[in-house]
Amino acid sequence: MKKIGILFGKERSFPQAIIERINHKQIQDIIAKPVLISKVMQGEDSGYSVIIDRISQDVPFYRAYLKNAALCGTAVINNPFWWSADEKFFNNCLATKINVPVPKTVILPSKNLPDDTSDASFANLAYPLDWNGIFEYVGFPAYMKPFAGGGWKHVFKLEDEADFFEKYNTTGQLVMLLQEEIIFEEYYRCYCIGGKHVRIMPYEPRNPHHLRYEAHFNPSPQLLQEMTNIVIRINQYLGYDFNTVELAVRNGIPFAIDFCNPAPDADKASVGEENFEWVVETAANFAIERAQTQQPGRDNLTWGEFVKRSCSKSAFY
């Protein structure tokens, strides 16, 4: 019997629904259940053929558990090694190399010194930074957000230089991105599962959180295809099995705004009935597919094109 485990935190609607959906399909020798951890011994199998990870970004213990499980042959959705290494600035840098339009973006050192460092630790950092060059490149209005954050935490809209320094001075030890504002006509949030299944959802980030999926943008078939291609390209290069990509359309061009969401919102109350049904059904089928192809004791993780091409010493793009 191959077990598909769901590792989750406070969320309930998606984990319960995908467990029920997988088991309802009655696939021979496959069963889904919540992950249950009573002990974690180095190099010992977790007992799960597949684990869908919805929480390890917030719980380091779970991330360590998943890496051990993956070493023993579990197909973890998403790859915990890549997820540990990835962050939003790298995503944007990679996008510039694979023909995906992204906002002009720079990374900023933390305003406050990290713990256990001093001024001497930053002998290689110019002081002051070339603020004029940075502001000329990005422009205003702009957005500032953590380079490795999520969930719309510590995100600031900035109108000018004075506004920037006022907000930057409050960011403490966070490493921040400063990013061009894309003034968009349309905006979409796009699920991508298995690097091949895409659902493009009209999305209005300027609405209150519970109303953001109540948007009525109507993309042309050409724009739909272009966005689909971008979403697949991003996820295949990064190697995510389950992710969302946010696209802002300016003058007909979709810009990838945020595409590092490997535990994306899948709550029924926020995404709506139709989107919820799609993500539950598609994720269930993909998990079953991974369970059927999983080989005990082997590497069953998804590795993106960036890593695969790096290992083969071929060009990244």
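Structure shown above.
Q: Could you clarify how one ought to interpret the packing of aromatic side chains in this entry?
A: Any aromatic ring pair is given by two values, namely how distant the centres are and how the planes are angled relative to each other. Taken as a whole and judged by the stated rule, the model has 21 aromatic pairs. Measuring from centroid to centroid gives 6.2 Å for Trp82 and Phe306, while their planes differ by 45°, and the two rings are tilted. Linking Trp82 in helix α3 (residues 80–85) with Phe306 in helix α10 (residues 305–311), this pair joins segments that are 224 residues apart in sequence. Each member of the pair, Trp82 as well as Phe306, is classed as buried. Each ring, one from Tyr203 and one from Tyr213, has its centre 4.9 Å from the other, and the planes form 70°; the classification is edge-to-face. Of this pair, Tyr203 sits in the loop between β10 (197–202) and α7 (221–238) while Tyr213 sits in the loop between β10 and α7, placing them 10 residues apart in sequence. Residues Tyr203 and Tyr213 agree in their burial class; the two are buried. Within the aromatic cluster, the residues linked to one another by ring pairs are Trp131, Phe135, Phe140, Phe164, Phe165 and Tyr168. Across the ring face of Tyr48, the terminal group of Lys3 is positioned such that the distance to the ring centre comes to 4.6 Å. Its end group placed over the ring of Tyr203, Arg189 keeps NZ or CZ at 5.7 Å from the ring centre.

Calculation rules
- Residues numbered from 1 in each chain as written.
- Predicted model: local features only at pLDDT ≥ 70, side-chain atom pairs only at ≥ 80, totals over all residues.
- Heavy atoms only, no water.
- Phe/Tyr/Trp six-rings, centres within 6.5 Å; stacked < 30°, edge-to-face > 60°.
- Helix = DSSP H or I, 4+ residues; strand = E, 2+ residues; numbered from the N terminus.
- Buried < 20%, exposed > 50% of the residue type's maximum accessible area, 1.4 Å probe, protein only.
- Lys NZ or Arg CZ within 6 Å of the ring centre and 35° of its normal.

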